[in-house]
Amino acid sequence: GKISLLTYASMFNQIDIVRNVLGRIDRIGDRYTRTKYLKSPIPKPGIIGLGLTTGMTALHLAMISADSDIVVLLLKHGVNPLEREATGTDAFMFACMFGRLDNVKRWCEIFPDWDISRTLAVNGMFFSPLSPSIPSFVCFSHFLLLFSYTYLNVHTHILALHTRT
């Protein structure tokens, strides 16, 4: 599969290239085309050898491997923070899963009212106590640890997480 220059540069933390590409995308008049270039998802079937799943965007990859300055730049230029890849994982959850505390903290500053239950409900696997998927449990535990630490350092009030029944 092909990777867009925006996605590639975001993944490899190349802020000057990301800034240049976003500047060019900003000049696109047609909203549909502009949104398509901002999204620039990894095409089917993904790039299995690199662990890149179908639908991962520049934002997903920036949250995993780039400085938070690139994350902020992407968001300021209109990249959709609600976008999910093929397994239902959003960019915030990827940062948690990969231990990117810097990006998790920045995300919480930008989105203080982020709906955590949306992130926790990835394919319904994190709230199922009968789930046989140990990796899901490990990711969920890692997420809670990172999020609790980050949230308590960024905010002064307590977050109540509610499970879905």
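Residues numbered from 1 in each chain as written. Predicted model: local features only at pLDDT ≥ 70, side-chain atom pairs only at ≥ 80, totals over all residues. Heavy atoms only, no water.

Details of the overall build of the protein
Alright, step 1. On a plain count of helices and strands, the protein comes out with nine helices and zero strands.
Alright, step 2. The linear arrangement of helices and strands in the protein, starting from the amino end, is α-α-α-α-α-α-α-α-α.
Alright, step 3. Taking all 165 residues of the protein together, the buried fraction comes to 42%.
Alright, step 4. Roughly 9300 Å² of accessible area belongs to the protein as shown, and the carbon and sulfur atoms make up 59% of that amount. (Helix = DSSP H or I, 4+ residues; strand = E, 2+ residues; numbered from the N terminus. Buried < 20%, exposed > 50% of the residue type's maximum accessible area, 1.4 Å probe, protein only. Areas by Shrake-Rupley, 256 points an atom, 1.4 Å probe, with all protein chains shown as cover.)

Quick notes on the confidence of the model for the protein
Alright, step 1. Of the residues in the protein, 69% reach a pLDDT of 70 or more, and the chain-wide mean stands at 78.
Alright, step 2. Below pLDDT 50 for its whole length, residues 123-138 participates in 14 contacts with residues either more than four positions away or in separate chains. (pLDDT = per-residue confidence, 0-100. Contact = heavy atoms within 4.5 Å.)

Notes on the side chain of T7
Alright, step 1. You can see T7 is positioned in helix α1 (residues 5-11).
Alright, step 2. Assessed through its relative accessible area of 0%, T7 is described here as buried.
Alright, step 3. From its side chain, T7 meets the backbone oxygen of S40 in a polar contact 2.9 Å long.
Alright, step 4. Excluding residues that lie within four positions of it along the chain, T7 makes contacts with S40, I42, T57, A58 and L61. (Polar contact = N/O pair within 3.5 Å; in protein donor to acceptor, adjacent residues only side chain to side chain.)

A word on the nonpolar core
Buried together is how nonpolar side chains tend to be arranged in soluble globular proteins.
Alright, step 1. Ranked by size, the top nonpolar core spans 26 residues in total, and within it L6, V18, L59, L74 and W107 carry the most contacts.
Alright, step 2. Looking at this core, the elements that each hand over two or more residues are α1, α2 (15-26), α4 (58-65), α5 (68-76), α6 (91-97) and α7 (101-110).
Alright, step 3. Looking at this core element by element, the count peaks at five residues for α5.
Alright, step 4. In contact with L6, other than residues within four places in its own chain, are V18, V21, L22, I25, Y37, L38, A58 and L74.
Alright, step 5. By size, the runner-up hydrophobic cluster in this structure holds eight residues, among which are M11, I42, L61 and F94. (Core = buried A, V, L, I, M, F, W, Y, C linked by side-chain atoms within 4.5 Å.)

Observations regarding the packing of aromatic side chains
Alright, step 1. Per the stated rule, a full pass over the model turns up seven aromatic pairs.
Alright, step 2. Look at F92 and W107: their rings are 6.0 Å apart centre to centre, the planes differ by 40°, and that puts the pair in the tilted class. Here F92, found in helix α6, pairs with W107, found in helix α7; they are 15 residues apart in sequence, far enough to count as distant. Of the two residues, F92 and W107, both sit in the buried class.
Alright, step 3. Consider the rings of F94 and F98, whose centres lie 6.3 Å apart with planes at 40°: the pair is tilted.
Alright, step 4. According to the relative accessible area criterion, F94 is buried, its value standing at 7%. (Phe/Tyr/Trp six-rings, centres within 6.5 Å; stacked < 30°, edge-to-face > 60°.)

Focus: the packing of α5 against α7
Alright, step 1. The contact between α5 and α7 brings their axes to 9 Å, and the two run at 35°. Here α5 and α7 pass one another in a crossing that is right-handed. Contact residues: α5 offers S68, D69, V71, V72 and L75, while α7 offers D102, N103, R106, W107 and I110.
Alright, step 2. Broken down by class, the residue content of the contact of α5 with α7 amounts to five nonpolar, two polar and three charged. (Axes fitted to C-alpha atoms, helices over the stretch in contact; angles between N-to-C directions. Left-handed = near helix turned anticlockwise from the far one by under 90°. Nonpolar A, V, L, I, M, F, W, Y, C, P; charged D, E, K, R; others polar.)

Re the packing of α4 against α5
Alright, step 1. Packing of α4 against α5 leaves a shortest axis separation of 9 Å and a crossing angle of 160°. What the angle tells us is that α4 and α5 run roughly antiparallel. α4 and α5 meet at a crossing whose hand is left-handed. Where α4 approaches α5, its residues A58, L59, A62 and M63 are matched on the opposing element by I70, V71, L74 and L75. (Parallel < 35°, antiparallel > 145°, perpendicular 65-115°, else oblique.)

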